[in-house]
Amino acid sequence: MSASSRLARRMWHQLEPVHAVLYFSPQAFAEAQALGYDVESRWPSYFAYRTAPLGRAGTHLAMATYYSFSPQTIAEHVPAVWEVASPEQVLRTRLTAVDKTCRHLLGGKVAGPEAAEAAELARRAAESVTAAGRTFAAANLDLPWPDEPHLVLWQAATVLREHRGDGHLVALQAAGLDPCESLVSFAAIGAAPVANFAGRGWSDQEWAAARERLAARGLVDSDGRATDAGRALRDQVERMTDELAAEPWRLLGEERSQRLAQLNSPFLGAVFEAGLLPMTSTLGIATVKAPD
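Residues numbered from 1 in each chain as written. Predicted model: local features only at pLDDT ≥ 70, side-chain atom pairs only at ≥ 80, totals over all residues. Heavy atoms only, no water.

Comments concerning the pattern of salt bridges
Think of it this way: side chains of opposite charge can pair up when their charged atoms draw near. Our working rule: The salt bridge criterion pairs a side-chain nitrogen of Lys or Arg with a carboxyl oxygen of Asp or Glu, the two atoms within 4 Å. Helix and strand definitions follow DSSP, with helices as H or I runs of at least four residues and strands as E runs of at least two, each counted in order from the N terminus. Buried residues are those whose accessible area, probed at 1.4 Å on protein chains only, stays under 20% of the maximum for their type, while exposed residues exceed 50% and partly exposed ones sit between those limits.
One pass over the full model with this rule turns up 17 salt bridges. A salt bridge links Arg9 to Glu238; its shortest N-O distance comes to 2.6 Å. Of this pair, Arg9 sits in helix H1 (residues 3-20) while Glu238 is found in helix H13 (residues 228-244), placing the two residues 229 residues apart along the sequence. As far as burial versus exposure is concerned, Arg9 and Glu238 are alike and both buried. Each of Arg9, Arg164, Arg234, Glu238 and Asp242 takes part in one network of salt bridges that share partners.

Pasting the structure below:
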């Protein structure tokens, strides 16, 4: 694993939680509810907030970009979210939601020279990504940059996490893992309990069929646990994901990336101290280590 790939993984751990506050903070749910979204479940606001940079996306575009959600779940929410509010309205609202969330978490730390420096470094990294083949990243890059440093930092973190996520889908496809198999194989290595993936919408029958396909390839055993071959394949996916995410960090450089991580630490700490994010994430940040 190259030094730039290792750096990409470290910076993912730093910035993923910054991006993810949009989908979990009380302020973000309140803003979504004010737009007219049902917030009893987190999914209507999630699909609206995350899909809005794509414009008035339809079901098939959402299936392509989200990948691991079941077609039924995608079809339930997209394009229905645009009947509640337009993508333009949602984009304005999500910045308001992020602003209120950041001010609640950080107080006076949202401003000042360190916040401005963090924003400048993160934006530099985000603007250096190659957009080719990175649909979500490209859509967020096309958005105008906000003025306030904490919002610039959040938007840059969003571009960078979507850039990584777009590359992750390439790695899954290269490994021959279809949308449901990608989740079953991830659960099989202990990244998160199977129950945590229920929100992706796959039925018990679809999950069992995907497990059978993986078993036929020798990737899981009869109990659904990953075999050595299954773990090796997931390592391949993680390695390729890191390699495909390395470009902006290689260009920013080790020293400036580490400085960004240092400057971001109050934001990261505030997110965790507030308990906004699930203890066991389906992203596997806390459980899946970088392959050697």
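A few points about the nonpolar core
Note the threshold: Side-chain atoms within 4.5 Å are what join buried Ala, Val, Leu, Ile, Met, Phe, Trp, Tyr and Cys residues into a set we call a nonpolar core. Residues count as neighbours in contact if any of their non-hydrogen atoms are within 4.5 Å of one another.
Phe47 and Trp249 are the most contacted members of the largest nonpolar core, which totals 67 residues. No other element matches helix H10 (residues 149-174), which puts eight residues into this core. In this view, Phe47 contacts Ala52, Tyr66, Phe69, Thr73, Ile74, His77, Val78 and Val81; residues no more than four positions away in its chain are not counted. Core analysis: the second largest hydrophobic core is formed by 25 residues, Tyr67, Leu172, Leu183 and Ala191 among them.

Some words on the layout of surface pockets
What counts is decided by this rule: Points on a 1 Å grid, built from protein atoms alone, make a cavity when a 1.4 Å probe fits but cannot get out and make a pocket when they are open with protein on both sides within 12 Å along at least 5 of 7 lines; residues with an atom within 4 Å of a point are the lining residues. Grid points are joined across faces, edges and corners, and a volume is the space filled by probe spheres set on the points. Under the scheme applied here, ten amino acids are nonpolar (Ala, Val, Leu, Ile, Met, Phe, Trp, Tyr, Cys and Pro), four are charged (Asp, Glu, Lys and Arg), and all others, including Gly, are polar.
For the second largest pocket, the calculated volume is near 220 Å³. Those elements that provide at least two residues to the lining of the second largest pocket are helix H8 (113-127), H10 and helix H15 (254-274). With four residues, the single largest contributor to the lining of the second largest pocket is H8. Here the residues of the lining of the second largest pocket are counted per class, giving 11 nonpolar, two polar and two charged.

Quick look at empty space enclosed by the protein
Counted according to the given criterion, the structure contains two cavities of 30 Å³ or more. Looking at the largest cavity, its volume works out to about 100 Å³. Trp12, Leu160, Arg161, Arg164 and Trp249 are the residues nearest the centre of the largest cavity, which is lined by 13 residues in total. Only H1, H10 and helix H14 (247-252) provide two or more residues apiece to the lining of the largest cavity. By residue class, the composition of the lining of the largest cavity is nine nonpolar, one polar and three charged. The set of elements that each furnish at least two residues to the lining of the second largest cavity consists of helix H11 (179-188) and H13. Considering each element in turn, the lining of the second largest cavity owes the most residues, three residues, to H13. Of the residues assigned to the lining of the second largest cavity, the class counts are seven nonpolar, two polar and one charged.

So, H1
Rule in force here: Here the expected span of a helix is defined as 1.5 Å times the quantity of residues minus one. Note on bend: the value at a residue is the angle between axes fitted to the seven residues ending there and to the seven starting there.
The end-to-end C-alpha separation of H1 is 26 Å, in line with the 26 Å expected for 18 residues at 1.5 Å each. Maximum bend of H1: about 30°, positioned at His13, with proline Pro17 one to four residues after it. Counted residue by residue, H1 has 14 buried out of 18 residues, so it is predominantly covered.

With respect to the environment of Met11
Position of Met11 among the secondary structure elements: in helix H1. Along the primary structure Met11 and Ala157 are separated by 146 residues, whereas in three dimensions their C-alpha atoms are 9.7 Å apart. The residues contacting Met11, other than those within four sequence positions of it, are Trp249, Ser257, Leu260 and Ala261.

With respect to H10
Because each turn of an α-helix spans 3.6 residues, side chains separated by three or four positions end up pointing in the same direction. The end-to-end C-alpha distance of H10 is 38 Å, a good match for the 38 Å that 26 residues give at a rise of 1.5 Å each. Extensive coverage of H10 is indicated by the burial of 20 of its 26 residues. Positive backbone phi, at 75°, marks Gly176, one or two positions downstream of H10.

Side note on the side chain of Thr73
For Thr73, the position within the fold is in helix H5 (residues 71-77). Other than its neighbours up to four places away in sequence, Thr73 contacts Phe47, Gly199, Arg200 and Gly201.

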